[in-house]
Every structure is written in structure tokens, then in C-alpha cells.
Amino acid sequence: DAKTTQPPSMDCAEGRAANLPCNHSTISGNEYVYWYRQIHSQGPQYIIHGLKNNETNEMASLIITEDRKSSTLILPHATLRDTAVYYCIEDYGGATNKLIFGTGTLLAVQP
Amino acid sequence: EAQVTQNPRYLITVTGKKLTVTCSQNMNHEYMSWYRQDPGLGLRQIYYSMNVEVTDKGDVPEGYKVSRKEKRNFPLILESPSPNQTSLYFCASSYRGPSYNEQFFGPGTRLTVL
């Protein structure tokens, strides 16, 4: 089972920043946090991942708390095309060779 | 363009009629995997392959077979499909395993078994 906890849904106004929270209180020291998103029934798309430092790429920023028990994905200027289910995933790594997807957060960007 | 392709994208079939869903990637990735997605159950891994001729079961392998004869291809075989295999299927690949590597997903195959 997924070990991360995310709100089931969130709304965001177009052009505003979308801040998606994730709790991963049982994460161990060498486990990464990954974010993927899935736009309606399409294949999931990688967004970003991090270990303990904040990360930024062309899509988003990832803020990880100092105790690593939670993180926030930030989409700085949400557009209608960012409407999707966002998955926060603890990396179980080499032991299982898989990522365990939970139920994610449905982000609805409103015009 | 780097991509994972799946065929067919949509398939309606009948119980017991063998079928194969193909998956191909053009990124020279070692790791490939199959997932199924069902409402309320999320994405669940069926099988994965760490490299050519190396495959292993995921969480829900019953009723499925795979093969990895070439690095680029990872077909999913349903020898005798049943209605409970009606689902949305995704193939994925990454340079190594999913740890520390971005997984690239295919567009999905929607399978209906009558």
C-alpha cells in the first residue's frame, strides 16, 4: 500500500500558484519523494523528485520539510492543462523495483 | 522523439481469446514494466523486466505473461482473457529501475473482455 497521504482534491485559479501537499511521515533516510501526474486516462508523466533539498525544474518546484515528513509540489502559474491527478510517491527503491501509486490529488484548475 | 508506444490503444475481445498488447520504447532503457489501472484501485504493477531475458512478477501477475527477447520490446500476453482483466493498461520504461530514474509511460491500452 502507498505510504503517502494526499488530499483527494484541490481547486486552483488559472494563473495562480498551485500548492499540492503530501505527507510521508514514514519515509526513511534514503528514500526519494517522486511526483507524477496523470491527465485524464493518459499515461502518468514524471514531474520531479527529491531527497532532502528543494528542487526546481521547468515544470514545478518541490519543497521538502527539514524532517522530510512532508513535501509540497508547487506549480507556479497553473493553467487549464495542469488539471490532472497528482501522485506523490515514496521510492521503495531496489527492494521492489516499482513505484507504488496511491490515489493522488485531483487538481482542478478553474478559469 | 523519445517515447513508449503501445498497440492496440483500444481492444474489445471475448473471454478465452488469446491476445497480445505490444510495448516498445526507443530510449535504450533497461527497465520496462506493465501496470493496470482500475477505478478505486489505482495503478498496480503486473510484471517488470530489469533487462533482456530478465522478468519478474509484480503485484497482480495472475492471468498474464510477458517476454523480453529484445531490449526495446516488452509484450503483455493474455493467454485466456477473462472479464476481470477489463482494465486500462500502461507500459513504462526507465534507464534502470524506477529508483532515481524517471519512468516514461505509454499512452495506455483500454481493454474490454466480454
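Note that the structure is a prediction, hence the values are computed from the model and not measured. (Residues numbered from 1 in each chain as written. Chains lettered and ligands numbered in written order. Predicted model: local features only at pLDDT ≥ 70, side-chain atom pairs only at ≥ 80, totals over all residues. Heavy atoms only, no water.)

For the rest of this paragraph, the subject is the overall build of chain A. Assigned secondary structure in chain A consists of 0 helices and 9 strands. The N-to-C order of helical and strand elements in chain A reads β-β-β-β-β-β-β-β-β. Across its three principal axes, chain A shows a C-alpha extent of roughly 40 × 30 × 25 Å. Taken across its 111 residues, chain A has 46% of its residues classed as buried. Taking the intrachain contacts of chain A between residues at least 6 apart in sequence as the baseline, contacts between residues at least 24 apart amount to 56%. Only carbon and sulfur atoms are counted for the fraction: they give 50% of the accessible area of chain A, which is about 5,500 Å². Each charge class in chain A was averaged separately, 8 positive and 11 negative side chains, and the resulting centres sit 2 Å apart. (Helix = DSSP H or I, 4+ residues; strand = E, 2+ residues; numbered from the N terminus. Buried < 20%, exposed > 50% of the residue type's maximum accessible area, 1.4 Å probe, protein only. Contact = heavy atoms within 4.5 Å. Areas by Shrake-Rupley, 256 points an atom, 1.4 Å probe, with all protein chains shown as cover. Lys, Arg positive; Asp, Glu negative; His and termini not counted. Charge placed at Lys NZ, Arg CZ, Asp CG, Glu CD.)

Contact residues are listed per partner, giving 20 residues for chain B and 20 residues for chain A. Carbon and sulfur atoms make up 50% of the area that chain B and chain A hide from each other, which totals about 1,600 Å². The interface formed by chain B and chain A contains 0 salt bridges. Taken together, chain B and chain A are joined by 3 residue pairs in polar contact (both at pLDDT 80 or more). (Buried area = accessible area lost by both parts, 1.4 Å probe. Salt bridge = Lys/Arg side-chain N within 4 Å of Asp/Glu carboxyl O. Polar contact = N/O pair within 3.5 Å; in protein donor to acceptor, adjacent residues only side chain to side chain.)

All names here are of chain B. Within strand β9 (residues 87-94), 8 of the 8 residues are buried, which leaves it mostly tucked inside the rest of the structure. Residue alternation in β9 divides its side chains into two sets, Ser 87, Tyr 89, Cys 91 and Ser 93 and Leu 88, Phe 90, Ala 92 and Ser 94, and both sets are buried. As judged from the 7 bridges shared by strand β4 (residues 31-38) and β9, these two strands associate in the antiparallel manner. Within β9, the position partnered with Met 32 by the bridge is Ser 93. (Pairing = 2+ DSSP bridges.)

Another point: the state of the cysteines. In this structure the tally under the stated criterion is 2 disulfides over all chains. Disulfide pairing places Cys 22 of chain A opposite Cys 88 of chain A at an S-S distance of 2.0 Å. Of note, the bridge from Cys 22 of chain A to Cys 88 of chain A carries an S-S torsion of about -80° and is left-handed in sense. Taken together, the residues Cys 22 of chain A in strand β2 (residues 18-23) and Cys 88 of chain A in strand β8 (residues 84-90) connect sequence positions 66 residues apart. The two residues Cys 22 of chain A and Cys 88 of chain A agree in class, both being buried. Disulfide pairing is shown between Cys 23 of chain B and Cys 91 of chain B; the S-S distance is 1.8 Å. Its torsion about the S-S bond being -75°, the disulfide of Cys 23 of chain B and Cys 91 of chain B is classed as left-handed. Of this pair, Cys 23 of chain B sits in strand β3 (residues 19-25) while Cys 91 of chain B is found in strand β9, placing the two residues 68 residues apart along the sequence. For Cys 23 of chain B, a relative accessible area of 2% translates into the label buried. (Disulfide = S-S within 2.5 Å.)

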